[in-house]
Amino acid sequence: MLDSLLYSLVLILLGGFVGGQVSRRLGAPPLLGMMVAGIFLGTEGGNLIGSEMLSLADSLRSIAVTIILMRAGLGLDRSKLVKQGSVALRLGFLPAMTEAIAVAILSMWLFEFDWLTGLLLGCIIGAESPAVIVPGMLRLKNLGWGVSKGIADAILTGSALSDVVILLLFSLLLNFFAQGEVSNSQLWLLPVTATFQILFGVAIGYIAAKLIVFSTVKQKWTQNRIQNTLITTCFALVLVAGAEFYPYFSGYLAVMAMGFFLIQFSPPLARILRQEFNHLWIVAEIVLFVLMGATIQLQVLEHVLLPGLILLASGLLLGRTIGWYLATFGSNWTWKEKLFLLPGNSAKATVQAAIGAIPLSLGIPGGDVILAIAALSILVTAPIGAWAIPTFAPKLLTRGKVDPTIASSIVPTVILGIVDANRENAIAVAEKVASLARRSNGEAVIAYLSRDLPESLHQLKPSVEKSLLDIPTKFISIGEQSERQIYEIVEKYQVTEIFVARQSRALSQRNTTNLMLDSIANNTKIPVFWLPKSDSS
């Protein structure tokens, strides 16, 4: 069993990674390539994934969803949520519910489902994808698009709340199918049940965040960021598992609330966790979408292709559009910002991958069709959504100032070191650049500024390279008076800081280099740091 599990896990990780990279190079979202890899590895392809691994699929999906919701919670901006609270709340249930109802009605005509089976399908299709929406919205926040009105925060919060409501309705419908009959009183209790689960989920997330800060920050039971991440991940998984045994609160919402409250209680800890959960998602994403692809039945998918596309398009353009209109009615959003909900809030992936196969596994009539349509929704909407979010944000949203305490900086640190023929000066600059690059996980660009380039490079490069041995470094040769070339370097490599030694006596006599760098600092607003002249220069 161990060998089979290890073999399957290696195939999933390696196959998903390769598929994702191929998809990225072709201009498509990586998750599409991961799903295709899953199809080739699954029962419809080479049947290379062992049954032991497939039996763990539900647990692995839950872990992946937990990680992505933690990322979402750690990226929320409290001030913007207060500003757009009403819109976020309405986005939390109106678009998903109107789409679910539209899909349910259409499925009764297209697939001859009964009302409950159609509503079960509507819950799966109506859910929004954290796998596409969360990274997309976090990237917009990092770049400043829509931050002044908190549009990305409203979409993030609304998406999480809508998934909670949809998952609650989905769970209740599964209970109905298990009982074989439906009570009208149970249906009417759904809003009350959902409200209490949401309130308890937020409260439990608050308590969990307090416990994490108490243990890691105040009591210092952890010694590094890895241990901080381990403790936080365990808390998050306990919340999700606990909600399965005690279904009185939403485990997924509790996880997201925990991330949100961690920002309020300890911003430094939240910043560290934000970075580490980004790393965890790299692995979780591969596992989630490869397993989704491995469960797809291609024959059923081919059979439902045309009616499935009609169902998805109609549910989006009819059902969800009505919900978007009602959710933003009376808000301060412009028509362009409201229009952004079409690309920004319609992708399907994570929830569909997590629950799409459940009706089939429970033997519910039409479960194979439901799984095929869930897979189709991912294959169609996920790549479109992943492409449309960054494409239409600059056209429909306004750009504002980014709050670095909430959003992770996606601009890499690139330090430019400018050195001349003086060896000690060059080594001093290289050591300073290397020190900053190590602390910021950045890169270096070393520009040689000299009248005698070939001779200078031959003598200086080995010494400079030794100081920067573990830093990704570009070495560039420029002439003595090359202001234009330095401008080009700054623009091409998106330089964030410049370090330069005070020039040797031969160059500083004319002072051209100093004047040139002062001009660059004034025009680009990039800080220039001058190192003291060495004693021998």
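Owing to the predicted nature of the structure, the values given are computational and were not obtained by experimental measurement.

Attention now goes to the overall build of the chain. Tallying secondary structure elements over the chain gives 27 helices and five strands in all. Relative to its 537 residues, the chain shows a buried fraction of 53%. In the chain, once contacts between residues fewer than 6 apart in sequence are set aside, the share between residues at least 24 apart is 82%. Put simply, the chain shows about 24700 Å² of open surface, and 63% of that area lies on carbon and sulfur atoms.

All right, on to the sheet that holds strand β5 (residues 528-531) then. In sheet architecture, strand pairing relies on hydrogen bonds along the backbone and comes in two forms, parallel and antiparallel. On the basis of which strands lie adjacent, the open sheet formed by five strands has the order β3-β2-β1-β4-β5 and parallel pairing. The sheet is open, and its two borders are formed by β3 (473-478) and β5, each paired with just one other strand. Neighbour-to-neighbour, the strand axes of this sheet turn through a mean angle of 20°, independent of strand direction. In this sheet, β3 lies alongside strand β2 (residues 443-449) in parallel orientation, the contact comprising six bridges. By the bridge assignment, Leu449 is partnered in β3 with Ile478.

Before going further, it helps to examine the nonpolar core. Formed by 123 residues in total, the largest nonpolar core has its most connected members in Met137, Met258, Leu262, Phe289, Phe340 and Ile378. Ranked by residues supplied to this core, first place goes to helix α15 (residues 267-294) with 14 residues. Counting residues in hydrophobic clusters, the runner-up holds 18 residues, among them Val419, Ala426, Leu436 and Phe499.

Taken as a whole and assessed by the stated rule, the structure comprises seven salt bridges. Across the salt bridge formed by Arg225 and Glu276, the nearest N and O atoms sit 3.0 Å from each other. Here Arg225, found in helix α13 (residues 225-245), pairs with Glu276, found in helix α15; they are 51 residues apart in sequence, far enough to count as distant. Here Asp470 and Arg438 are joined by a salt bridge, their closest N and O atoms 2.9 Å apart. Of the two residues, Asp470 is situated in the loop between α24 (453-467) and β3 and Arg438 in helix α23 (residues 423-440); the sequence distance between them amounts to 32 residues. When salt bridges that share partners are traced, they join Glu99, Glu128, Arg320 and Lys348 into one network.

Turning our attention to helix α17 (residues 305-328). Here α17 is 24 residues long and its end C-alpha atoms lie 33 Å apart, about the 34 Å a rise of 1.5 Å per residue gives. Along α17, the sharpest kink reaches roughly 35°, centred on Arg320. Within the sequence span of α17, burial applies to Gly308, Leu311, Leu312, Ser314, Gly315, Gly319, Arg320, Gly323, Trp324, Ala327 and Thr328.

The rules behind these values
Residues numbered from 1 in each chain as written. Predicted model: local features only at pLDDT ≥ 70, side-chain atom pairs only at ≥ 80, totals over all residues. Heavy atoms only, no water. Helix = DSSP H or I, 4+ residues; strand = E, 2+ residues; numbered from the N terminus. Buried < 20%, exposed > 50% of the residue type's maximum accessible area, 1.4 Å probe, protein only. Contact = heavy atoms within 4.5 Å. Areas by Shrake-Rupley, 256 points an atom, 1.4 Å probe, with all protein chains shown as cover. Pairing = 2+ DSSP bridges. Axes fitted to C-alpha atoms, helices over the stretch in contact; angles between N-to-C directions. Core = buried A, V, L, I, M, F, W, Y, C linked by side-chain atoms within 4.5 Å. Salt bridge = Lys/Arg side-chain N within 4 Å of Asp/Glu carboxyl O. Expected span 1.5 Å × (residues − 1). Bend = angle between axes of the 7 residues up to and from the residue.

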